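Breakdown of the fold
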Amino acid sequence: NKGGYEHYMQKEIHEQPESLTTTMRGRLIQGGSCKAKTVLLGGLKDHMKTIRRSRRIVFVGCGTSYNAALASRPILEELSGVPVTMEIASDLVDRQGPIYREDTAVFVSQSGETADTLLALEYALENGALCVGITNTVGSAIARKTHCGVHINAGAEIGVASTKAYTSQIVVMAILALAVGGDTISNQARREAIVDGLYDLPSKVREVLKLDNEMKDLAKQLIAEQSLLVFGRGYNYATALEGALKVKEVSLMHSEGMLAGEMKHGPLALVDENLPIIVIATHDACFSKQQSVIQQLHARRGRLIVLCSEGDAASVCPGESCRVIEVPQVEDCLQPVVNIVPLQLLAYHLTVLRGHNVDQPRNLAKSVTTQ
Ligand code: UD1
Ligand code: BG6
């Protein structure tokens, strides 16, 4: 049931205010006798001590699920103080990389059935790590085989390109960061700002969905391009990877997400007046660095599309040639949830305009259950 939409991907993009609300239901606690703003993850409460004491947290996933974990890494490191490392499931298995009893390994998977992620889980179980699942599918292999975990409760996702599961995964991992971080006096203001930000997030996503027509218009401009680059950093390095993944998997346009800090170490050679480049420059601690990236790309006559916070258009755009997409500003660790939405819309419209299959892209499967 496409609920009046033409495609599942379109429906799933537009239902994110509701799916995010469902993801958070019962997990944010405000007021009550202690008046503290806090969080509850029922599936993890008996394991929280072990997670807090672990020497390292290792995120494991594939595709969009890996990108969601990458988006959540900075806030988990900040609030927990535990080192967080990233593993693409197949690469962990290929290398037989070190996993120890003192590790917490977190397996992120929408379907809960991805073969590579399952193999990595079996490997981590053999090595004695505490294994935590973050999945959308109750009763899935990953939900059953992990020691504990969290269901993201985003509702069934049909489109092969993951959209609402991505934003719900990030929200669950932000709540995970709050849960692992625990209450300390020093981080109280930060924690409360994040909890307030989570409450407001569905309405901010509803606002950013109003960019639909603007993104369709941008898609029309990009329809015949061969290639698209996306630069991000900090919290939005993941947004660059995920935005580019969305564009390539459904619209079949070559697209690469890149860490802006690496721009001078290779990618800059590609810049000319033809190649479209999206720069994510919303307002956070990396903002001035992104402003300087934009200036350097502009100096090489780069064709820029800048995604920035509302009100920042004048300070990010060096010339009339630059196109700006303004999005509402939210707490930095939640900004990836808002920022991915226009890129999901862009990927969707590019695909429809280019005449490709939106919900079942060529050669891809929703759940990759073979190696
Ligand atoms: C649970 C109920 C929910 C109910 C709520 C009320 C289920 C599936 N969830 O939600 O319907 O409204 O209590 O308190 O019945 N788990 C794993 N691996 C995973 C994911 C989950 O082991 O990858 C385990 C968890 O550790 C937990 C159980 O599955 O034991 C349910 O997880 P989750 O649905 O996230 O728990 P609650 O949010 O407490
Ligand atoms: C496939 C899907 O490649 O698997 C992607 O097409 C998805 O959308 C990836 O991100 C990982 O899937 P899962 O179910 O483990 O999150």
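In this text, all values refer to a predicted model and were calculated from it rather than measured experimentally. (Residues numbered from 1 in each chain as written. Chains lettered and ligands numbered in written order. Predicted model: local features only at pLDDT ≥ 70, side-chain atom pairs only at ≥ 80, totals over all residues. Heavy atoms only, no water.)

Of the regular secondary structure elements, the chain holds 14 helices and twelve strands. In terms of overall dimensions, the chain is globule-like: its C-alpha atoms have a radius of gyration of 20 Å, near the 21 Å expected for 371 residues. Principal axes of the C-alpha set define a box for the chain whose edges measure 55 × 45 × 45 Å. Only carbon and sulfur atoms are counted for the fraction: they give 48% of the accessible area of the chain, which is about 15100 Å². For the chain, the distance from the average site of its 37 positive side-chain charges to the average site of its 40 negative ones is 3 Å. (Helix = DSSP H or I, 4+ residues; strand = E, 2+ residues; numbered from the N terminus. Rg over C-alpha atoms; globule rule 2.2 N^0.38 Å. Areas by Shrake-Rupley, 256 points an atom, 1.4 Å probe, with all protein chains shown as cover. Lys, Arg positive; Asp, Glu negative; His and termini not counted. Charge placed at Lys NZ, Arg CZ, Asp CG, Glu CD.)

Moving on, we get to the site of ligand 1. As a structural note, the neighbourhood of ligand 1 is formed by Arg27, Gly42, Gly43, Gly133, Ile134, Thr135, Ala143, Thr146, Cys148, Gly149, Val150 and His151. Measuring from an oxygen atom of ligand 1, one finds a backbone N or O atom of Gly43 at 2.8 Å. Note that a nitrogen atom of ligand 1 is positioned 3.4 Å from one of the backbone N or O atoms of Cys148. Protein chains shield 50% of the accessible area of ligand 1, which is 740 Å² for the free molecule. Going through the elements one at a time, β6 (130-135) and β7 (148-151) are the ones with two or more residues in the shell around ligand 1. Looking at the shell around ligand 1 residue by residue, the class counts come to four nonpolar, seven polar and one charged. (Near = heavy atom within 4 Å. Polar contact = N/O pair within 3.5 Å; in protein donor to acceptor, adjacent residues only side chain to side chain. Nonpolar A, V, L, I, M, F, W, Y, C, P; charged D, E, K, R; others polar.)

Time to look at the site of ligand 2. Close to ligand 2 lie 13 residues, the nearest being Ser65, Ser109, Gln110, Ser111 and Thr114. Between Ser65 and ligand 2, the recorded distance is 2.5 Å, taken from a side-chain N or O atom to an oxygen atom. Interatomic distance of 2.9 Å between a backbone N/O atom of Ala365 and an oxygen atom of ligand 2. Broken down by element, the residue count for the shell around ligand 2 peaks at three residues, all from helix α4 (residues 63-80). A breakdown of the residues in the shell around ligand 2 according to their chemical character gives four nonpolar, eight polar and one charged.

Right, let's get into the sheet that holds β6. Taken in spatial order, the five strands make up an open sheet running β4-β3-β5-β6-β7, and their pairing is parallel. Two strands close off the open sheet at either side, each with one partner strand: β4 (84-88) and β7. Shown here is a sheet whose adjacent strand axes are inclined to one another by a mean of 20°, direction ignored. Of the strand pairs in this sheet, strand β5 (residues 103-109) and β6 are connected by six bridges, and their pairing is parallel. Residue pairing for β6: Val106 is matched across the bridge by Val132. Against the sheet, helix α6 (residues 115-126) engages β3 (56-61), β5 and β6, with an angle of about 165° to β5. (Pairing = 2+ DSSP bridges. Axes fitted to C-alpha atoms, helices over the stretch in contact; angles between N-to-C directions. Contact = heavy atoms within 4.5 Å.)

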